[in-house]
Amino acid sequence: MAAAASRITQLLIAKPCVSASHQTSRSSIACFGNETKGASWTKLRSSSFLPVTQTFYQTCQSNASKSERHAVKAMAAGGDKQSLPGLPIDLRGKRAFIAGIADDNGYGWAIAKSLAAAGAEILVGTWVPALNIFETSLRRGKFDESRVLPDGSLMEIAKVYPLDAVFDSPEDVPEEIKANKRYAGSSNWTVKEVAESVKQDFGSIDILVHSLANGPEVTKPLLETSRNGYLAAISASSYSFVSLLKHFLPIINPGGATISLTYIASERIIPGYGGGMSSAKAALESDTQVLAFEAGRKHNVRVNTISAGPLGSRAAKAIGFIDMMINYSLENAPLQKELTADEVGNTAAFLSSPLASAITGAVVYVDNGLNAMGVGVDSPVFRDLDIPRAPKN
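Residues numbered from 1 in each chain as written. Predicted model: local features only at pLDDT ≥ 70, side-chain atom pairs only at ≥ 80, totals over all residues. Heavy atoms only, no water.

### Thoughts on the overall build of the protein
Step number 1: Looking only at helices and strands, the protein has nine helices and nine strands in total.
Step number 2: Taken across its 393 residues, the protein has 52% of its residues classed as buried.
Step number 3: Taking the intrachain contacts of the protein between residues at least 6 apart in sequence as the baseline, contacts between residues at least 24 apart amount to 82%.
Step number 4: Carbon and sulfur atoms make up 54% of the accessible area of the protein, which totals about 18,900 Å². (Helix = DSSP H or I, 4+ residues; strand = E, 2+ residues; numbered from the N terminus. Buried < 20%, exposed > 50% of the residue type's maximum accessible area, 1.4 Å probe, protein only. Contact = heavy atoms within 4.5 Å. Areas by Shrake-Rupley, 256 points an atom, 1.4 Å probe, with all protein chains shown as cover.)

Written out as structure tokens, the structure reads:
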């Protein structure tokens, strides 16, 4: 485990810079109620969700206004329970592992933030080749602004683990990967090893999030996709969830929840979303139902997937036409507004909470209702129809 400790980064919790007039603590709970603010923030004050070290807060000594920013744990102490107005999403005392975060602008990041806002402790699995850049950005404070939670506290995670979910165990790793310089210095990053490391470090988790997808031939039409490209998409985007659940399930506490991310291309034709990725998402949704039965019966763990609308994340830009899909959604969805990552994050927080204790095996659409449409109403075919449009602000 010495080698593992050298690569599995334990990020230190920054000591709070608190002025004498700001000694009160705040619990991190997301509530649905008129008296509680911050449950759904449509425009986050850019924030990142990993802890930073004390050095990030040296400016507190020279800037009085900045000295009032707290780097506090998102997870409140167990004894901090109190009655709350409205209907709370309370994940205090819960621990979440989010697989597949490498920057601060995707759905995985937003999910981590919402879980933290509700009080959960955050663990993260980051793709090995992206780990150094991710950790460097965190250390240099590039994600500090996007770490701000609705109550003004800062997102933190307890640990960042190197992870490549394409490989189940060390025996599955080919020699060319072992010799790859992007994996040099990292160890214990297969799914089995990461699950064992989390168990050794924390004992158990309550929430497992799969925010992983990759299709090396995603820009190719399905008829031009190679067998290797197709199987690679299935392996990285759908079987990786099966593997994660298989290895983490023994350490997920009864009553826990798992969440993955899918896309409408699983059931509708989305030209340009190729390389077997539509097939991978269809497999993921089918697996969600089967795994909901198996994990529910054996371990009392719920399994759901969120079908999220288009988001202009760095990963999505690899497809090449994400901006067109965002514009299409704006023109044709029942709700004519841009989808935010936080709306997906907040849905994940709800699905992870006791409020969703009877929901499992579900595909939950968070796409402004685009999935319900049978036609694109921006088509010239409908130019003579009185199509209602959202009023402009």
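Okay, back to it.
### A look at the packing of helix α6 (residues 227-248) against helix α7 (residues 277-299)
Step number 1: At their nearest, the axes of α6 and α7 sit 9 Å apart, and the two run at 20° to each other. On the basis of the axis angle, α6 is roughly parallel to α7. Of the two possible hands of crossing, α6 and α7 adopt the one that is right-handed. Of the residues in α7, those touching α6 at Y230, A233, I234, S237, S238, F241, V242 and L245 are M277, S279, A280, A283, L284, D287, L291 and A295.
Step number 2: Partitioned by chemical class, the residues of the contact of α6 with α7 number 12 nonpolar, three polar and one charged. (Axes fitted to C-alpha atoms, helices over the stretch in contact; angles between N-to-C directions. Parallel < 35°, antiparallel > 145°, perpendicular 65-115°, else oblique. Left-handed = near helix turned anticlockwise from the far one by under 90°. Nonpolar A, V, L, I, M, F, W, Y, C, P; charged D, E, K, R; others polar.)

### Quick notes on empty space enclosed by the protein
Step number 1: Scanning all chains against the criterion turns up five cavities of 30 Å³ or more.
Step number 2: Within this model, the second largest cavity holds a volume of roughly 40 Å³.
Step number 3: Around the second largest cavity sit P310, I326, S329, L330, K337, E338, L339 and N368, which together line it.
Step number 4: Of the residues assigned to the lining of the second largest cavity, the class counts are four nonpolar, two polar and two charged. (1 Å grid on protein atoms, 1.4 Å probe; cavity = no way out; pocket = protein on both sides within 12 Å on 5 of 7 lines; lining within 4 Å. Points joined across faces, edges and corners; volume = space filled by probe spheres on them.)

### Regarding the pattern of salt bridges
Any two side chains of opposite charge can pair if their charged atoms end up close together.
Step number 1: A complete count under the given rule lists seven salt bridges for this structure.
Step number 2: With a closest N to O distance of 3.8 Å, K220 and E217 form a salt bridge.
Step number 3: Assessed through its relative accessible area of 13%, E217 is described here as buried. (Salt bridge = Lys/Arg side-chain N within 4 Å of Asp/Glu carboxyl O.)

### Describing the packing of helix α5 (residues 191-202) against α6
Step number 1: Interhelical geometry of α5 versus α6 gives an angle of 35° and a closest axis separation of 9 Å. Every pair of crossing elements has a handedness; the one defined by α5 and α6 is right-handed. Contact with α5, carried on its side by V191, K192, V194, A195 and V198, involves S243, L244, H247 and F248 of α6 and no other residues of that element.

### Some points on the side chain of T190
Step number 1: Relative to the assigned elements, T190 resides in the loop between α4 (175-178) and α5.
Step number 2: Residue contacts for T190: discarding those within four places in its chain leaves L163, D164, F167, D168, S169, P170 and V173.

### Some thoughts on the sheet that holds strand β9 (residues 363-366)
Step number 1: Reading across the sheet, the seven strands line up as β5-β4-β3-β6-β7-β8-β9 and stay open at both edges, with parallel pairing between neighbours. Either end of the sheet is taken by a strand with one partner, and the two such strands are β5 (159-163) and β9. Strand-to-strand, the axes of this sheet are offset by a mean angle of 20°, without reference to chain direction.
Step number 2: Here strand β3 (residues 95-99) runs beside strand β4 (residues 121-127); their pairing, made up of five bridges, is parallel. For R95, the partnering residue across the bridge sits in β4 and is E121.
Step number 3: Of the strands in this sheet, β4 and β5 are in contact with helix α3 (residues 128-139), which crosses β4 at around 125°. (Pairing = 2+ DSSP bridges.)

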